[in-house]
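# A structural walkthrough
Each chain is listed here by its residues.
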Amino acid sequence: MQEIELKFLVPESRLKGLMRQAKVKSSQTTQMAAHYYDTPDQQLAQAGIGLRIRKEDDTWVQTIKAGGDGLAARLEHNATLDPEHVQAMLADKALMPDLSIYKDTAIAPTLASFKLKKLTKNLTQLYVTDVERTTRLLIEDNDEGADNQLEMAYDYGEIVHGNDDALRDCIQEIEFELVSGAIDFLFTTAKVWCKRYKLCLSTITKAERGGLLITGQTHSPAVTADTQLSHIDNHTSMPAFVRAAVHHCLLHMLPNSSAIVSGRYDDAHVLQLAIGITRLHAALQAFASFSDEINPEWSPILEQTQALLSDYQHLTHLVSTVEPHLQQYGAPAVEWGADIDAMKVRPMDAVCANDFQLTLLELIAFAMSDPALEPHADKSAKEALTAVLLKQQKAFVQAEERLQHKRSPCLDGAESEESATDDTKKNGGAQEMKDTQESQQALLALNQQVTTLYYVHEFATPLLKTGHKKKKAKKKLKHQRKHLLKAKQVLSHYDDAMRYGQHYQQKSATETRALFGAGWFAATLKTQHKPLQKRLAKVKKSLISI
């Protein structure tokens, strides 16, 4: 069967209030001890499979979880075991799962790539969990006769290493699982609890945490994006396509946001979440007409969160990479620790923010909702994508032309003090400063437009390269994508140089050693101007009529 559930981490400050709602008269408390199994090299975990035997009060249950949509749904198979057989295995210290019970079940395809006899021989108990679970059934009070029910389960306990019980990890999380009825009830209820108790979504399973414990890792690696959408074809409707795009972006974002809210992350998680948000925002903007269910309030929250993450990521990258690089070329050391400490909003603060967490919930609900219920359900995404791509190409041309009209000394490497205009000299540099600010704004707008065009191109390509002109269209799209990627990279480097230069320029007001960095990046901007112009020209030349 398929389980549909949402899991959240509970902040310590909200735990008492949450427990008052969890432990009511109708709630039940169950002590659960679970034994998790895998091969020594974690072949099941690598395939996204979790396998356990759990004692739930006096009952032993074998469970396997796998697959699903990556958001809130997973395949789950539960089998109650013969208690006498379990006791016999326990007496011999040989408690092991029976994989033969999955033959001819919905979970069988997930195990098809394994040789079950060999897999069974290699299985070993890697870790155990000892959890107190408090459950409560939530039922919707309505007059429509709908049987909308979900189970709330609060887990408190720990994960223990299978060979060293001194190695432990705390568990403190709450889950909402749909028991029956409409999926909307699950999300509506979860949003109420999330808002009230400042809960944070987590896709990190107990099995994943156990795998980290036994390998001595603090966190999983950051997740990068797959290159193309899945589950779309020539018959995909507009509402189904935009849901596939949102689903695709969430698969990139959620593992990284989950790592950040847990407090166990590195700079790569911050970078990848920022990229994921950028991709999602591009999809929502470009494909807004594909669905009436897209909430316009999502975009400003996503933009704000992405900006906060990028500000932090740029400063930490400056400290870890840029500063050591400059010192290799003779720059005096500049201390940035106080600047990082002074940042009011850290990645964990930005991602744990309630408005962002509620937005994630709404996006998951949107991605999982039925596209057939929308007004545009009979309209082809393929035909609409052509118009979207042409619109984005036009917007790129306009943004590039605006940049050309806003040229300033900081963007034009050829202009020098001797060739500065009389107006610039007369105003003591005021006009130059204004021109520079306008140029930077135009450059930022162009950077955003190239990024949007690149991601729209990425989303649309699987459908646009099909049809009677497949080979020709595929070649043109590949050609354009290559030039978009190179322009995007150059613009990104240009934007980085501008940001780092501003950091060093501001720092030089109190620390003269930062003048080296300010001068370095001012010179870097000049050297990058011609390559930027070259890349933009190639993108314009590659623009196509599809």
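Structure shown above.
Reference entry: report on the structure contained in this document. (Residues numbered from 1 in each chain as written. Predicted model: local features only at pLDDT ≥ 70, side-chain atom pairs only at ≥ 80, totals over all residues. Heavy atoms only, no water.)

### Topic: helix α17 (residues 515-542)
Put simply, the rule reads: Numbering of helices and strands runs from the N terminus; a helix is a DSSP stretch of H or I covering at least four residues, while a strand is a stretch of E covering at least two. To estimate the expected span of a helix, count its residues, drop one, and scale the result by 1.5 Å. Fitting one axis to the seven residues ending at a residue and another to the seven starting there, the bend at that residue is the angle between the two axes. Only protein chains enter the accessibility calculation, which uses a 1.4 Å probe; a residue whose area is less than 20% of its type maximum is buried, one above 50% is exposed, and one in between is partly exposed.
A rise of 1.5 Å per residue sets the reference length of α17, with its 28 residues, at 40 Å; its end C-alpha atoms lie 40 Å apart and thus fit the reference within 8%. The sharpest bend along α17 measures roughly 35° and falls at Gln-528, with the proline Pro-531 sitting one to four residues further on. Every buried residue of α17 is accounted for by Gly-517, Ala-518, Phe-521, Thr-524, Leu-525, Gln-528, His-529, Leu-532, Arg-535, Leu-536, Val-539 and Ser-542.

### Quick notes on empty space enclosed by the protein
In plain terms, the rule: Residues are called lining when one of their atoms sits within 4 Å of a cavity or pocket point, these points coming from a 1 Å grid over the protein atoms alone, where a cavity is a set in which a 1.4 Å probe fits but cannot get out and a pocket is an open set with protein on both sides within 12 Å along at least five of seven lines. Grid points are joined across faces, edges and corners, and a volume is the space filled by probe spheres set on the points. When residues are grouped by polarity, Ala, Val, Leu, Ile, Met, Phe, Trp, Tyr, Cys and Pro land in nonpolar, Asp, Glu, Lys and Arg in charged, and all others, Gly among them, in polar.
If you walk through the whole model with that rule in mind, you get two cavities of 30 Å³ or more. Size it by volume and the largest cavity reaches roughly 40 Å³. Taken together, Met-32, Ala-34, Tyr-36, Arg-54, Thr-129, Val-131, Arg-133, Asp-155 and Lys-206 make up the lining of the largest cavity. Those elements that place two or more of their residues in the lining of the largest cavity are β2 (28-38) and β6 (124-139). For the lining of the largest cavity, the class distribution of residues is four nonpolar, one polar and four charged.

### Description of the pairing of strand β5 (residues 73-80)
A regular strand places its side chains so that they alternate between the two faces of the sheet. Stated formally: Pairs of strands are assigned from DSSP output, requiring at least two bridges between the strands.
When strand β1 (residues 2-9) meets β5, the two strands line up antiparallel, connected through three bridges. For Glu-3, the partnering residue across the bridge sits in β5 and is Arg-74. Counting the residues in the hairpin turn of strand β4 (residues 59-66) and β5 gives six residues, including Gly-67, whose phi is positive at 60°.

### As for the pattern of salt bridges
Stated precisely, the cut-off is as follows: The salt bridge criterion pairs a side-chain nitrogen of Lys or Arg with a carboxyl oxygen of Asp or Glu, the two atoms within 4 Å.
Counting across every chain of the model gives 23 salt bridges. Asp-169 is the salt-bridge partner of Arg-209, the closest N and O atoms lying 3.1 Å from each other. Note that Arg-209 is positioned in helix α6 (residues 206-215) and Asp-169 in strand β8 (residues 168-180), a separation of 40 residues in sequence.

### Considering the environment of Gln-306
Test applied: Residue contacts are counted whenever heavy atoms from the two residues lie within 4.5 Å of one another.
Note on placement: Gln-306 falls in helix α9 (residues 298-328). For Gln-306, a relative accessible area of 22% gives the class partly exposed. Those residues in contact with Gln-306 that sit more than four places away from it in its chain are Ala-274, Ile-277 and Thr-278.

### Considering the packing of aromatic side chains
This is how the line gets drawn: Pairing of aromatic rings covers Phe, Tyr and Trp, the last counted by its six-membered ring, and requires centre-to-centre distances within 6.5 Å; plane angles under 30 degrees mean stacked, over 60 mean edge-to-face, and any other angle means tilted. Our definition puts a charge over a ring when NZ of Lys or CZ of Arg is within 6 Å of the ring centre and also within 35 degrees of the ring normal.
Tallied over the full model, the rule gives 15 aromatic pairs. Each ring, one from Phe-176 and one from Trp-193, has its centre 5.5 Å from the other, and the planes form 65°; the classification is edge-to-face. Separated by 17 residues along the polypeptide, Phe-176 in strand β8 and Trp-193 in helix α5 (residues 183-197) bring together distant segments of the chain. The same class applies to Phe-176 and to Trp-193, which are both buried. Ring-pair connections join several aromatic residues into one group, and the members of that group are Phe-8, Phe-176, Trp-193 and Tyr-197. Sitting over the face of the ring of Trp-336, Lys-507 holds its NZ or CZ atom 5.1 Å from the ring centroid.

### Some thoughts on the layout of surface pockets
There is about 1,400 Å³ of room inside the second largest pocket. Across the lining of the second largest pocket, the residue classes break down as 14 nonpolar, 22 polar and nine charged.

### Focus: the environment of Arg-20
Locating Arg-20 in the fold gives a position in helix α1 (residues 15-22). By relative accessible area, Arg-20 is classed as exposed at 61%. Along the sequence, Arg-20 and Ile-294 sit 274 residues apart, while their C-alpha atoms lie 35 Å from each other.

### Observations regarding the packing of α9 against α17
As a reminder, the rule being used: Note on geometry: axes are C-alpha line fits, over the in-contact stretch for helices, and angles between N-to-C directions span 0 to 180 degrees. Here is the rule for angles: anything less than 35 degrees is roughly parallel, anything more than 145 is roughly antiparallel, 65 through 115 is roughly perpendicular, and the remaining ranges are oblique.
At their nearest, the axes of α9 and α17 sit 11 Å apart, and the two run at 95° to each other. Looking at the two axes, α9 sits roughly perpendicular to α17. Residue-level contacts link Val-322, His-325 and Leu-326 of α9 to Phe-516, Gly-517, Trp-520 and Phe-521 of α17.

### What to know about the packing of α9 against helix α12 (residues 354-368)
Applicable threshold: Each crossing gets its hand from how the near helix is turned against the far one by less than a right angle, where anticlockwise is left-handed and clockwise is right-handed.
With their axes 10 Å apart at the nearest point, α9 and α12 run at an angle of 125° to one another. One element, α9, and the other, α12, form an angle in the oblique class. α12 is crossed by α9, and the crossing has left-handed handedness. Counting all contacts with α9, which are made through Trp-298, Ile-301, Leu-302, Gln-304 and Thr-305, the residues of α12 involved are Asp-355, Phe-356, Thr-359, Glu-362, Leu-363 and Phe-366. Among the residues making up the contact of α9 with α12, the classes are represented as six nonpolar, three polar and two charged.

No statement about biological role is implied by the geometric values presented.
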